[in-house]
Amino acid sequence: MDLISIADGIPQNPNEERFKQLVEKFKTVYADVQPQFLCRAPGRVNLIGEHIDYCGYSVLPMAVDQDIVSVFAAVDGNEVEISNNDQSFKEGSFDLQNFSISYENANWYEYFKCGVQGIRDKYPDIKLKGMKVLIDGTIPRSAGLSSSSALVVCAALTTAINNGINISKSDLAELCAECEKYIGTQGGGMDQAASCLAHSGSAMLISFNPLKTPVGCAFVVTHSLTEVNKAATDHFNIRVSECRLATQGLDWRTIRKPYELQTALGWTINELEKFATDSLHEVPYTLDEVAGLLDVSVDELIAISLKANINREQKFELCKRMKHVLSEANRVLLFKEVCDSNTHDRLETLGELMNQSHNSCSRLYECSSNELDELTDICRQSGALGSRLTGAGWGGCAVSLVRQENLDKFIASVRDKFYIGSNDSKRASKADQSIFPTLPGCGIYAVRL
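Residues numbered from 1 in each chain as written. Predicted model: local features only at pLDDT ≥ 70, side-chain atom pairs only at ≥ 80, totals over all residues. Heavy atoms only, no water.

Q: How would you summarise the overall build of the protein chain if you had to cite specific residues and measurements?
A: From N to C terminus, the protein chain includes 15 helices and 13 strands. Over its C-alpha atoms the protein chain spans a radius of gyration of 22 Å, differing by no more than 12% from the 22 Å that the globule rule assigns to 449 residues. Of all 449 residues assigned to the protein chain, the portion counted as buried reaches 56%. Working note: accessible area of the protein chain is about 19,000 Å², and carbon and sulfur atoms make up 47% of it. Between the averaged position of the 44 positive side-chain charges in the protein chain and that of its 58 negative side-chain charges there is a distance of 2 Å. (Helix = DSSP H or I, 4+ residues; strand = E, 2+ residues; numbered from the N terminus. Rg over C-alpha atoms; globule rule 2.2 N^0.38 Å. Buried < 20%, exposed > 50% of the residue type's maximum accessible area, 1.4 Å probe, protein only. Areas by Shrake-Rupley, 256 points an atom, 1.4 Å probe, with all protein chains shown as cover. Lys, Arg positive; Asp, Glu negative; His and termini not counted. Charge placed at Lys NZ, Arg CZ, Asp CG, Glu CD.)

Q: Residues and numbers for the state of the cysteines, please.
A: Following the criterion strictly, the structure yields 0 disulfides and no others. Cysteine 114 carries a free sulfur, and the closest cysteine sulfur to it, the one in cysteine 179, is 5.9 Å from it. On the accessibility criterion, cysteine 114 (0% relative accessible area) is buried. You can see cysteine 319 has no disulfide; the closest cysteine sulfur is in cysteine 243, sitting 12 Å from it. Residue classification places cysteine 319 among the buried positions, given a relative accessible area of 4%. (Disulfide = S-S within 2.5 Å.)

Q: Outline the sheet that holds strand S2 (residues 37-48), supporting the account with residue identities and numerical values.
A: Reading across from one edge, S1-S13-S2-S3-S6-S4-S5 is the order of the 7 strands in this open sheet, with mixed pairing throughout. In this open sheet, the two edge strands, each paired with only one partner strand, are strand S1 (6-8) and strand S5 (92-95). Going across the sheet, the axis of each strand differs from the next one's by a mean of 25°, ignoring polarity. Summarising the sheet, S2 and strand S13 (residues 445-448) pair through 4 bridges and their orientation is antiparallel. What sits directly across from arginine 40, in S13, is tyrosine 445. Across the face of the sheet, helix H3 (residues 147-162) comes into contact with S1, S2, strand S3 (60-75), strand S6 (130-137) and S13 while running at roughly 40° to S3. (Pairing = 2+ DSSP bridges. Axes fitted to C-alpha atoms, helices over the stretch in contact; angles between N-to-C directions. Contact = heavy atoms within 4.5 Å.)

Q: So what's going on with the pairing of strand S10 (residues 386-390)? Which residues, and what values?
A: Burial analysis of S10 places 5 of its 5 residues in the buried class, which makes it a mostly covered element. The pairing of S10 with strand S11 (residues 397-403) spans 5 bridges and is classified as antiparallel. The residue of S11 that forms the bridge with leucine 389 is alanine 398. Between S10 and S11, which follow one another and run antiparallel, lie 6 residues, and glycine 391 among them has a positive phi close to 95°.

Q: Would you mind going over the pairing of S13 in detail, with residue names and values included?
A: Bridge count for S1 against S13 is 3 bridges, and the pairing is parallel. Residue pairing in the sheet places alanine 7 in a bridge with valine 447 of S13.

Q: Can you break down the packing of aromatic side chains residue by residue, with the values?
A: Under the defined criterion, the tally for this structure stands at 9 aromatic pairs. When the centroid spacing of 5.1 Å and the interplanar angle of 55° are considered together, the rings of phenylalanine 94 and phenylalanine 99 count as tilted. Each member of the pair, phenylalanine 94 as well as phenylalanine 99, carries the same accessibility label: buried. Considering the side-chain rings of tryptophan 267 and phenylalanine 275, the 5.1 Å spacing of their centres and the 70° angle between planes classify their relative orientation as edge-to-face. Among the aromatic side chains, those forming a connected cluster through ring pairs are Phe89, Trp108 and Tyr109. Geometry around tyrosine 123 places lysine 122 over its ring, the cationic atom sitting 6.0 Å from the centre. A cation sits over an aromatic face here: arginine 321 above tyrosine 365, 5.8 Å from the ring centre. (Phe/Tyr/Trp six-rings, centres within 6.5 Å; stacked < 30°, edge-to-face > 60°. Lys NZ or Arg CZ within 6 Å of the ring centre and 35° of its normal.)

Q: An account of helix H2 (residues 110-122) is needed here, citing residue identities and associated values.
A: Compared with an ideal rise of 1.5 Å per residue, which puts 13 residues at 18 Å, H2 spans 19 Å between its outermost C-alpha atoms and is within 8% of the ideal. For H2, the complete set of buried residues consists of Glu110, Tyr111, Phe112, Lys113, Cys114, Gly115, Val116, Gln117, Gly118 and Ile119. Tucked into the core, H2 has its buried residues touching strand S4 (79-84), S5, S6, H3 and helix H4 (169-179). (Expected span 1.5 Å × (residues − 1).)

Q: Could you give me a rundown of the nonpolar core, with the residues and numbers involved?
A: Residues Tyr57, Phe112, Ile119, Leu172, Leu301 and Val414 are the most contacted members of the largest nonpolar core, which totals 130 residues. Apart from residues lying up to four places away in sequence, valine 414 is in contact with Thr222, Leu375, Ile378, Cys379, Ser382, Tyr419 and Ile435. By size, the runner-up hydrophobic cluster in this structure holds 13 residues, among which are Val33, Val71, Tyr445 and Val447. (Core = buried A, V, L, I, M, F, W, Y, C linked by side-chain atoms within 4.5 Å.)

Q: I'd love a proper account of the environment of serine 413, names of residues and values included.
A: Structurally, the position occupied by serine 413 is in helix H14 (residues 407-420). Residues serine 413 and cysteine 379 lie 34 residues apart in sequence; the distance between their C-alpha atoms is 8.3 Å. Among the polar contacts listed, one links the side chain of serine 413 to the side chain of serine 382, at a separation of 2.7 Å. (Polar contact = N/O pair within 3.5 Å; in protein donor to acceptor, adjacent residues only side chain to side chain.)

Q: Any details on the side chain of asparagine 46? Residues and values, ideally.
A: Assignment of secondary structure puts asparagine 46 in strand S2. With relative accessibility at 0%, the residue asparagine 46 sits in the buried group. Engagement of the side chain of asparagine 46 in a polar contact is seen with the backbone oxygen of glycine 49, the distance being 2.9 Å.

Q: Please set out the side chain of serine 241 residue by residue, giving values where relevant.
A: Structurally, the position occupied by serine 241 is in helix H6 (residues 235-247). Apart from the residues lying within four places of it in its own chain, the contact partners of serine 241 are Leu306 and Phe316.

Q: Which residues make up unusual backbone geometry, and what values do they have?
A: Phi is positive for histidine 51, which is not a glycine, with a value near 60°. For histidine 51, the position within the fold is in the loop between S2 and S3. For histidine 51, a relative accessible area of 3% gives the class buried. You will see that tryptophan 394, though not glycine, has its phi angle at about 60°, which is positive. Here tryptophan 394 shows up in the loop between S10 and S11.

Right, dumping it as structure tokens:
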């Protein structure tokens, strides 16, 4: 069912004791009010389909056990008070009637404001009530497991529940994909959909059909222990701009995604990939060159297709980016076909598709890192059938496909080769918390305390 329902009481699951402790912590932090609700939004790991959701193509994420949780209570007035169970994040507050969101501000709760703003945008006639909120998270930050999107989703869900707003999971996912752009990230909606719409035991082919993953295997997440904040760097948004510019030759004012171009031309992905390879040169494009090809001014191009603060000397790798996007879109469809089949070698085929995906991310989309390349190599040496970066890249995590019977041996080997056996003391100290197998988890939920 798509509607968000509110259960009574803390659920009996592996998080039960943690949730009870958070409720008690809330009572300590906010001694003058009793907690009323708990909301949970999971992170996600993307099995395949990197950087193509914002290009209009399907991706294949699954929700993980790691999550963002809020415990909260409604209060009189317009103020939101927010604290984090992790003491390294400072507490804050803001006025619901008068607040702004800044991606230049390092405060973690700017992401929470995005979720609040999303509800305010969708329900402008509702005067939102103040609340006191305690946040807890188990998703490693800047790891490519969507901690920021999970926080936005949790914030929007919290705000909706706090104000008695009935909203569907799909509508919540859609508004969260839009409101996260307030923090400066021009994503495509995969992270929010995975968090809102996930089902236990199934990955999701977004657009949005559950997909059963094969039995006899495990997906193992490993952290490279390098971190990149998407909102604080230009890497991510430049890639979005490159994909947009590469598609705009047919009708530059209305066509903004490769999938829209493919649809307008009535071509297959393979036909569009051949056309892009033949039409786009390998040498990076300048803004002046793109504007000249489209017969518009640079100022007009920036106003419609780019961010106002774009560096006018920026070079754009249009050919390489399109090659990645279109080949990756094909790999997602092949991955689904193999998962749906009963061929004896399907695990090996899935692994090879994951390896091809990482190579494309590294060489064509240039969103990997030395650490991620090293980590995925070690994962393959340690028995993974396939290993690839997951998330935006430039740091964060890899995901590997491993046969169930080889799982313990795989974890021990990666632990020794990448973490304990390295000359990096940070890796060695964080080895045990940086490797974890995961199964497809459930999506958002809310409970009345």
